Each structure stands twice: as structure tokens, then as C-alpha cells.
Amino acid sequence: MKSNATHPIDVSIIIVNYHTEELIIACIQSILRHTEGLNYEIIVVDNGSSDHLREAMSRSFAGKVTTICPKQNVGFARANNMGIQQSAGRHVLFLNPDTLLLNNAIKFLCDYLDLHTEAGACGGNLFDAQQRPTHSFRRLYPGIFWQLCDMSSHALDRIFFGSSWQFNYTEKPFKVAYICGADLMVRRSVLEEVGGFASDFFMYYEETDLCHRITQAGYQIYSVPEAAIQHLEGSTEAPLPTPTINELRLALAEHGRYVYYRRNLSWPHRFFTHAIYTVSLCAFSLAATLLRRGNAAAFRWRLRIFMQLVAHQRPDIFQGLPLQT
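Residues numbered from 1 in each chain as written. Predicted model: local features only at pLDDT ≥ 70, side-chain atom pairs only at ≥ 80, totals over all residues. Heavy atoms only, no water.

Another point: the overall build of the chain. On a plain count of helices and strands, the chain comes out with 11 helices and 11 strands. For the chain, whose C-alpha radius of gyration is 20 Å, the value lies close to the compact-globule estimate of 20 Å for 325 residues. When burial is assessed residue by residue, the chain has 52% of its 325 residues classed as buried. In the chain, the share of contacts with a sequence separation of at least 24, taken over all contacts with a separation of at least 6, comes to 77%. For the chain, the exposed surface amounts to about 15,000 Å²; the carbon and sulfur share of it is 54%. Across the chain, 29 positive and 29 negative side-chain charges occur, with their mean positions spaced 5 Å apart. (Helix = DSSP H or I, 4+ residues; strand = E, 2+ residues; numbered from the N terminus. Rg over C-alpha atoms; globule rule 2.2 N^0.38 Å. Buried < 20%, exposed > 50% of the residue type's maximum accessible area, 1.4 Å probe, protein only. Contact = heavy atoms within 4.5 Å. Areas by Shrake-Rupley, 256 points an atom, 1.4 Å probe, with all protein chains shown as cover. Lys, Arg positive; Asp, Glu negative; His and termini not counted. Charge placed at Lys NZ, Arg CZ, Asp CG, Glu CD.)

Right, let's talk about the side chain of Ser 30 for a bit. Note on placement: Ser 30 falls in helix H1 (residues 21-34). Other than its neighbours up to four places away in sequence, Ser 30 contacts Thr 99, Leu 100 and Leu 101.

Take the packing of helix H5 (residues 144-151) against helix H10 (residues 267-291) next. Contact pair H5 / H10: the axes reach a minimum separation of 9 Å and the direction vectors enclose 10°. Classified by the angle their axes make, H5 and H10 are roughly parallel. Contacts between H5 and H10 involve Ile 144, Gln 147, Leu 148, Asp 150 and Met 151 from the first element and His 269, Phe 272, Thr 273, Ile 276, Tyr 277, Val 279, Ser 280 and Phe 284 from the second. Per-class residue counts for the contact of H5 with H10 are eight nonpolar, four polar and one charged. (Axes fitted to C-alpha atoms, helices over the stretch in contact; angles between N-to-C directions. Parallel < 35°, antiparallel > 145°, perpendicular 65-115°, else oblique. Nonpolar A, V, L, I, M, F, W, Y, C, P; charged D, E, K, R; others polar.)

It is worth spelling out the pattern of salt bridges at this point. Applying the stated criterion across every chain, the model contains 12 salt bridges. The residue Arg 213 makes a salt bridge to Asp 209 at a minimum N-O spacing of 3.1 Å. You can see Arg 213 and its partner Asp 209 sitting in helix H8 (residues 206-216), four residues apart, about one turn around the helix. When the shortest N-O distance is used, the salt bridge between Arg 302 and Glu 254 registers 3.2 Å. Placement of Arg 302 in helix H11 (residues 296-310) and of Glu 254 in helix H9 (residues 247-264) is noted, with a sequence separation of 48 residues between them. (Salt bridge = Lys/Arg side-chain N within 4 Å of Asp/Glu carboxyl O.)

Rendered as C-alpha cells:
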């Protein structure tokens, strides 16, 4: 929907695509089906630069979707920034292509930002492919205690935050540290103040870093449970035998973690956080090997990549990717 003097755009929906044609078509269809009561635009940034996708967008959503095609895969953070530059909405929703709206979620999030000036960003409740509650946010930022929570298999999260440590069971909005990047809505004025996603990130942790900067600027981040969205995370990957791991995906997650710590933690804080994380990976790897439960190879691979990054070495698996180490 185009902006004009009578009907300005309320929300710009930015979706970054990378070889997920069927998913992104279903995602856009769910937007068109459920979203009402506001003016919005849909911007697709196609990191795969596929002529086939452009044809599909033109065929299925003629005049309803703007498509941007970078010359190469620039990563999730930079691709979203390209979308921001082309957007015109009062608020910007960063939406994953593997999501499906279950209700008028975009309207609910937009209304919350309009009614609560202290809110810089917000997100809804996410459900997995089986409609079960799944990771939607975290209540604290990565650091020493965050790593201890992970090391305890989130027992500490449950002690301090109860059942609503990553999903809002209260049916009422509340403050969180950061929203999962699958459905993050940010006020445009806040984006103009703090900037978009940091280009240091390729994918993973870029939304955590953005929320951290929003918080530092004096705004709050909120979980708005009325907004319900299905997140089909990992559904594009074929089932793999237990010993097999997605090495690139795990390596990119470790890169995101490392960049976040480098950008946001002081040297002493970073040193102890790195130490706790290293110990936890070793412990989980040993436990998985001895108990024959879990994937020990994944823990060893993550440890290897993380240690290379800490030593300022560029892992070979990143060859050809435009990311900083």
C-alpha cells in the first residue's frame, strides 16, 4: 500500500529472503489475510537474488510487494538495513520469511507502540510448527549471568523469571531485554536515533544488539502476547542423522555471539563470559559423549569456531562470505 497525504504508511514490513520461496509466499499471504485496520507496505530483500523469486512476487503479489535484490548475499543485518532505507512507515517490522501470522498481530504491535511512548520496540508470542510456545524473547542480555543461565539449561531463568522466561504466558505485556528477530517491531524515530542493525553482524545476535542500543537510549522493549505468530524455524532443512550438524549455521551463531560480546562487554566482563561459555561447551560435550545423549559433535564444533574467533582467526567455513571477524 502506498503512502499519500491522506493515508500515510503505519508499518513497513521488511522480510529478508534467502532461498525460501515457498515459505515467504506463505508468509506474505498470511499478512494479507490477517492484517487490517492500518496501512502497511511489504518490502522483500532477496539475498539469493533469484529471478525466479522476483517473478513469483510479481505473479502472486503484483503491486503489493517491493523487491530489493542485492548483488550478493550481504547477510541478515545489512539486508534489513537496505529495507529500512526504502521504507516509509512510522514503525518498522522485521519479519522472518519462515513466519505465519495467526491473528492481526501487526495491528496489535503497532497499537502498542502508538499507545506507549516509552516503548522503543516490541514483539509478539511465537509458536512453533506444532503450535507450541517457543522462544520469543529473553529477560536479560548476554553476559556472565546469561551464560550461567544457559549453562544451567535455563534452570536459573525459571527460578528468576518463572515460566515466562522466553514466552509470555501472562496474557499481559511486560518488559523484556530483547525480542527474537523473527518479529521485531521498532519505532522509526528510535531507529533514526540509534541506527539500524550493526553491519558487524552477518546473522544471529543482530536483533539483540539493536535492542541493547534501544535500551541504552532510554527506551523499553516489550513482549505483547496478544500478537500471535507461528515461527517455522529450521523447517527448510531436511532431517539429518544424529551425528550430522549444520556447520555453517552453528559457525554463524558463534560469530554473532562473539561480535555481540566484542561490541557490548568491557574487557574484564568479556573475559569471564568467554571463560564460562568455554567451560559450558566442554561440559556439555563431555556429558553428551558419556551419556550418549545430545550431539557432542555440535558442541565440539561450536567450541572450535568460538576459540578461533577469540584468537582473531577467520574460520575457513566463512570463505566467500562478506563478514568481519
